[in-house]
Structure formats: C-alpha cells, structure tokens
Amino acid sequence: VAGVNRHEFSPFTGRAVSVASMRRDAKLMKSLNFNAVRCSHYPNHPYWLEICDEVGLYVVDEANIETHGFQTLGQPIGYLANLDEWRAAFGSRVTRMYERDKNFSCIICWSLGNESGFGKVHEAMAAWLRIRDPCRPVQYESGGARTGATDIVCPMYLRPNWCAQQALKDKKKRPVILCEYAHAMGNS
C-alpha cells in the first residue's frame, strides 16, 4: 500500500470540490504511483468513491470524529470517548459512513476517526463494524497498538525503524502502516 491523505478542498473553490477536481486528484495520485488514499478526516463525497472505483485507488474511509481540541480545555484527548452520553453521537457517524459507503469496492478499510483519544466508545464502534463487515479491517490511530479497536497499527510520523520493530513484536501480527507521515500547516 502506497497512499496519501486527502482533504476535500480546492485551492480555487474551497470546500466546493467539483467532480473534475476530484478526477484531477485521482489522476495525479496515480501518476505519482500511489494506489491508496485515506479520506481524512471525514467520509468524502460519494463521487470521490465512484472515481476511486473507476481508477483503482484503494480507500480508507474515515468517520467524521475528531476531538483533540479538548486538550486546550485541560481535558484528555479521549474525554468524550468515555462518556456514555456521547456514545450515540460517535456511533451515528460510523453507522452513517458504513451504510452509505459499504457497497464501494474501493474501500479496503474503515477508520474510526482521527485523534480522539481512546475509550469504550471506540471499542463499541470497532465491534459494530466487525459484525456488519467482517471482510474489511478497522483501523484507529489514537490508542495505538495497545487497543483492540484497530486491526492495523497505524501511527503518525514514526520512523521506519520503529515500524519494522513494531511489526516484529506485535503479538497479533497486525500490519503497520503509517496513517500520516508528513504534514505542512499553513502552507497555502
């Protein structure tokens, strides 16, 4: 798997991304020998998935869940993931993603979201997805290899040596795939 992260964004039209722009993105990815894309950090428009089906790009479909802003309020990153009153809000985002996108052949993996700590809500969402779709793995970066909520160890920004060592020592023999490996904030 050689992949990139993609946000639905155009430098010309902002969040209003045309089908032509999506096709250019896919063509560019393929021309650079990428074969996979993570829909970061929310499910992309269904047209994007149709295009990925057409051109042969694998997709990690990611639920629209991200809570790392709670750190600025003095709360742990996984604060909401351990509150029962937030279980339905988290779960509905995973359910909607799955039900809308389950028939796209390009999707090879479901992601429980991005940078939301780890809690009992993640365990419940991973279990639900595994029952609904036993053929596709579930990945979740936050919580790392320590949790059962991920079938793929998918850290951010770690060195190749760490990844190789993790793959060798992981008792579950899960693959190790960086979900983010380069980042440029404010580059526009």
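Refer to the structure above for everything that follows.
Since the structure is predicted, the reported quantities are computational estimates derived from the model, not experimental observations.

Caption draft 1: Region of interest: the packing of helix H3 (residues 87-101) against helix H4 (residues 120-132). The contact between H3 and H4 brings their axes to 10 Å, and the two run at 25°. As judged from the angle between their axes, H3 and H4 are roughly parallel. Relative to H4, the crossing made by H3 is right-handed. Together, Arg87, Phe90, Gly91, Val94, Thr95, Tyr98 and Glu99 of H3 and Val121, His122, Ala124, Met125, Trp128, Leu129 and Arg132 of H4 make up the contact between the two elements.

Caption draft 2: Molecular detail of H4. The terminal C-alpha atoms of H4, which comprises 13 residues, lie 19 Å apart, in line with the 18 Å expected from a rise of 1.5 Å per residue. When H4 is considered as a whole, its buried residues turn out to be Val121, His122, Met125, Ala126 and Leu129. Angularly, the buried residues of H4 cover 130° about the axis, an arc narrow enough to put them on a single face. Looking at the buried residues of H4, the elements they touch are H3, strand S4 (107-111) and strand S5 (138-139).

Caption draft 3: A look at the pattern of salt bridges. Counted under the stated rule, the structure contains 11 salt bridges. Between Arg6 and Asp25 there is a salt bridge; the shortest N-O distance is 3.0 Å. With a gap of 19 residues between them, Arg6 in strand S1 (residues 3-6) and Asp25 in helix H1 (residues 19-31) connect regions that are remote in the sequence. Taken together, the shared-partner salt bridges connect Arg38, Glu62 and Glu180 into one network.

Calculation rules
Residues numbered from 1 in each chain as written. Predicted model: local features only at pLDDT ≥ 70, side-chain atom pairs only at ≥ 80, totals over all residues. Heavy atoms only, no water. Axes fitted to C-alpha atoms, helices over the stretch in contact; angles between N-to-C directions. Helix = DSSP H or I, 4+ residues; strand = E, 2+ residues; numbered from the N terminus. Parallel < 35°, antiparallel > 145°, perpendicular 65-115°, else oblique. Left-handed = near helix turned anticlockwise from the far one by under 90°. Contact = heavy atoms within 4.5 Å. Expected span 1.5 Å × (residues − 1). Buried < 20%, exposed > 50% of the residue type's maximum accessible area, 1.4 Å probe, protein only. Arc of directions from axis to C-beta. Salt bridge = Lys/Arg side-chain N within 4 Å of Asp/Glu carboxyl O.

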